[in-house]
Amino acid sequence: MKVRSSLRSLARQQGAQVIRRGNRVFVINKDNPRSKARQG
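Residues numbered from 1 in each chain as written. Predicted model: local features only at pLDDT ≥ 70, side-chain atom pairs only at ≥ 80, totals over all residues. Heavy atoms only, no water.

- The protein chain goes by Large ribosomal subunit protein bL36 in an unreviewed UniProt entry, where it is assigned to Amycolatopsis eburnea.
- The record in UniProt for the protein chain states the following under Sequence similarities (unreviewed entry): "Belongs to the bacterial ribosomal protein bL36 family." (UniProt positions renumbered as here; feature names shortened; annotations may be inferred.)

**Here we look at the nonpolar core**
So, step 1. One finds Leu 7, Leu 10, Val 25, Val 27 and Ala 37 forming the largest nonpolar core, which totals five residues.
So, step 2. Not counting chain neighbours up to four residues away, the residues in contact with Leu 10 comprise Arg 4, Ala 16, Val 27, Ser 35 and Ala 37. (Core = buried A, V, L, I, M, F, W, Y, C linked by side-chain atoms within 4.5 Å. Buried < 20%, exposed > 50% of the residue type's maximum accessible area, 1.4 Å probe, protein only. Contact = heavy atoms within 4.5 Å.)

**Examining the environment of Gln 17**
So, step 1. Mapped onto the secondary structure, Gln 17 falls in strand E2 (residues 16-21).
So, step 2. Residues Gln 17 and Val 27, spaced 10 residues apart in sequence, show a C-alpha to C-alpha distance of 5.5 Å.
So, step 3. Sequence-distant contacts of Gln 17, defined by excluding residues within four places in its chain, comprise Phe 26, Val 27, Ile 28 and Lys 30. (Helix = DSSP H or I, 4+ residues; strand = E, 2+ residues; numbered from the N terminus.)

**Re the sheet that holds strand E4 (residues 37-39)**
So, step 1. Taken together, four strands build an open sheet; the order of strands is E1-E4-E3-E2 and the sheet is mixed. If you trace the sheet from one side to the other, it starts and ends with strand E1 (2-3) and E2, each paired once. (Pairing = 2+ DSSP bridges.)

**Examining the pairing of E2**
So, step 1. When you tally the buried positions in E2, you get zero out of six residues, a small fraction of the element.
So, step 2. Pairing analysis gives six bridges linking E2 to strand E3 (residues 24-29), with the strands arranged antiparallel. Residue Ala 16 lies in a different strand from E3, and its bridge partner there is Asn 29.
So, step 3. The antiparallel hairpin formed by E2 and E3 contains two residues in its connecting segment, where Gly 22 sits at a positive phi of about 65°.

In structure tokens, the structure reads:
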């Protein structure tokens, strides 16, 4: 999982889900499980 300052490009991919857990924002992708990232 990568820690990034901006998740916009990952969040626009097909199958991506933006999830908020507490103070952090995560992007997980069921279609492409390698593209996971968190912000914050």
